[in-house]
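Structural features, examined
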Amino acid sequence: MTDLIIFSGQSNMQGQTERLLGDTPIDGCAEYRFLTDSLVPLKNPCGEDIRYDGTEGFAFGTPGTENWHGQMALGSTVYGYTSLVPFFCDAYRKTAPHHPCVTAVHAAKGATQLAYWMPDSEGYPMLVRKAEAAIAKTGEINRRYMIWLQGESDAIAGVKKDEYKRSLREFAYSLKARFSLDRFGIIRVGQFTMDERDFEIIRAQDELCCEDDFFLMLTTAALDFCTKEEYKHFMNPEAHGHYSAAGLCELGRLAGTALGESV
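Residues numbered from 1 in each chain as written. Predicted model: local features only at pLDDT ≥ 70, side-chain atom pairs only at ≥ 80, totals over all residues. Heavy atoms only, no water.

1. Topic: the pattern of salt bridges
- Across all of its chains, the model carries 18 salt bridges by this definition.
- One salt bridge in this structure joins Lys165 and Glu211, with 2.9 Å as the shortest N-O distance. Of this pair, Lys165 sits in helix α7 (residues 161–179) while Glu211 sits in helix α8 (residues 196–211), and the two are 46 residues apart along the sequence.
- Taken together, the shared-partner salt bridges in this structure form one network comprising Lys161, Asp162, Lys165, Arg169, Glu207 and Glu211. (Salt bridge = Lys/Arg side-chain N within 4 Å of Asp/Glu carboxyl O. Helix = DSSP H or I, 4+ residues; strand = E, 2+ residues; numbered from the N terminus.)

2. Side note on the sheet that holds strand β8 (residues 183–187)
- Pairing in this open sheet of seven strands is mixed, and the strands run β3-β2-β6-β1-β7-β8-β9 from one edge to the other. Since the sheet does not close on itself, it has two edges, and those belong to β3 (38–41) and β9 (215–219), each with one partner. Each neighbouring strand pair of the sheet contributes to a mean axis angle of 30 degrees, computed without reference to strand direction.
- Its contacts with the sheet put α7 on β1 (2–9), β7 (141–149), β8 and β9, and the angle it makes with β7 is roughly 160 degrees.
- Contacts from helix α10 (residues 245–262) reach β1, β7, β8 and β9, with the element oriented near 140 degrees to β9. (Pairing = 2+ DSSP bridges. Axes fitted to C-alpha atoms, helices over the stretch in contact; angles between N-to-C directions. Contact = heavy atoms within 4.5 Å.)

3. Here we look at the side chain of Lys109
- By secondary structure assignment, the location of Lys109 is in the loop between β6 (101–108) and α4 (114–117).
- Despite its burial, Lys109 pairs with no opposite charge, the nearest such side chain being Glu122 at 6.6 Å.
- When residues no more than four places from it in sequence are discounted, the contact partners of Lys109 are Gly9, Gln10, Ser11, Gln14, Tyr52, Trp68, His69, Met72, Ala73, Leu74, Tyr116 and Trp117. (Buried < 20%, exposed > 50% of the residue type's maximum accessible area, 1.4 Å probe, protein only. Lys, Arg positive; Asp, Glu negative; His and termini not counted.)

4. A few points about the environment of Pro41
- For Pro41, the position within the fold is in strand β3.
- Distance from Pro41 to Pro86, taken between C-alpha atoms, is 9.9 Å for residues 45 residues apart in sequence.
- Residues in contact with Pro41, not counting those within four places in the same chain, are Pro25, Cys29 and Glu31.

5. Digging into the pairing of β6
- With respect to burial, β6 is a largely interior element, seven of its eight residues being buried.
- Pairing geometry for β1 and β6, over eight bridges, is parallel. Paired with Asp3 across the bridge in β6 is Val102.

6. Focus: the layout of surface pockets
- Quantified by volume, the largest pocket comes out at close to 190 Å³.
- Taken together, 17 residues form the lining of the largest pocket, with Ser11, Gln16, Gly110, Ala111 and His242 sitting closest to its centre.
- Secondary structure elements with two or more residues in the lining of the largest pocket: α1 (11–14), α2 (68–71) and α6 (152–157).
- Of the residues assigned to the lining of the largest pocket, the class counts are six nonpolar, ten polar and one charged. (1 Å grid on protein atoms, 1.4 Å probe; cavity = no way out; pocket = protein on both sides within 12 Å on 5 of 7 lines; lining within 4 Å. Points joined across faces, edges and corners; volume = space filled by probe spheres on them. Nonpolar A, V, L, I, M, F, W, Y, C, P; charged D, E, K, R; others polar.)

7. Structural notes on α8
- Look at α8: 23 Å from first C-alpha to last across 16 residues, which is about the 22 Å you get at 1.5 Å a residue.
- Tucked inside the fold, the buried residues of α8 contact β7, α6, α7, β8, β9 and α9 (221–227). (Expected span 1.5 Å × (residues − 1).)

8. Some details on unusual backbone geometry
- In the segment running from Asn44 into Pro45, the intervening peptide bond is cis, with an omega of -5 degrees.
- Considering the arrangement of structural elements, one finds Pro45 in the loop between β3 and β4 (50–51).
- Look at His98: it is not a glycine, yet its phi comes out positive at around 70 degrees.
- Residue Met194 is not a glycine yet carries a positive backbone phi of 65 degrees.
- Mapped onto the elements of the fold, Met194 is located in the loop between β8 and α8.
- We classify Met194 as partly exposed; its relative accessible area is 42%.

9. Some thoughts on the packing of aromatic side chains
- Under the defined criterion, the tally for this structure stands at 19 aromatic pairs.
- Ring geometry for Phe225 versus Phe234: centroids 4.5 Å apart, planes at 45 degrees, classification tilted.
- On the accessibility criterion, Phe225 (4% relative accessible area) is buried.
- Owing to a relative accessible area of 11%, Phe234 belongs among the buried residues under this scheme.
- Judged by centre distance (6.2 Å) and plane angle (75 degrees), the rings of Phe225 and Tyr243 are edge-to-face. Of the two residues, Phe225 is situated in helix α9 and Tyr243 in the loop between α9 and α10; the sequence distance between them amounts to 18 residues. In terms of burial, Phe225 and Tyr243 fall into one category: buried. (Phe/Tyr/Trp six-rings, centres within 6.5 Å; stacked < 30°, edge-to-face > 60°.)

Following this line, the structure appears as structure tokens:
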């Protein structure tokens, strides 16, 4: 039996680090690739650059190309470096009962607000297409999860707690109905604006996980990474508000362990 885990959100879920880490395949884990309709060994780098029409795109920063955000619906790890997905799946598999095999679906895009992912918006169709194709390819599936790391762009835009909370609930339950999700796991956002706007999003995510058992808070460590000197090495020195390769490794390990323990 295989557990299916969908990973979505913005750049910290897509993966925007300073180096490549974790390029050894994870035992018992595969990544679904939409463009080739295949399951490949899960390792970094992962994800795919997919256009809105479902065709192959180009990687962020590719010389001679421009307007990546305007042309891509989903993105691969930036510069071919690191995402948290392999570390998460490794920790989940080691922690969950019976050590299940895992199919990972990387479906994230940097600089996106929650509005981009809503059922009536531009990001949702490609997320759904990739997840549906992964389910068809995987075969018999035991548990199904969505893992969410997003909110920095909403903080920048000044989205208020109640609005974000209402929209995230609508988004999550739309996916639950479509994919029969068991849980919607949240890696709580850290700080990007470094002011009160961040805490509108943080409080929204906290409240959802306290009020609704469908939502599961996986880790709150990102806030410490962003604000405490002892965790400075977990931040990308080349991109404000983004985690380093070591930081995503740690976030993935903490969150994957929490999901496994929840089983």
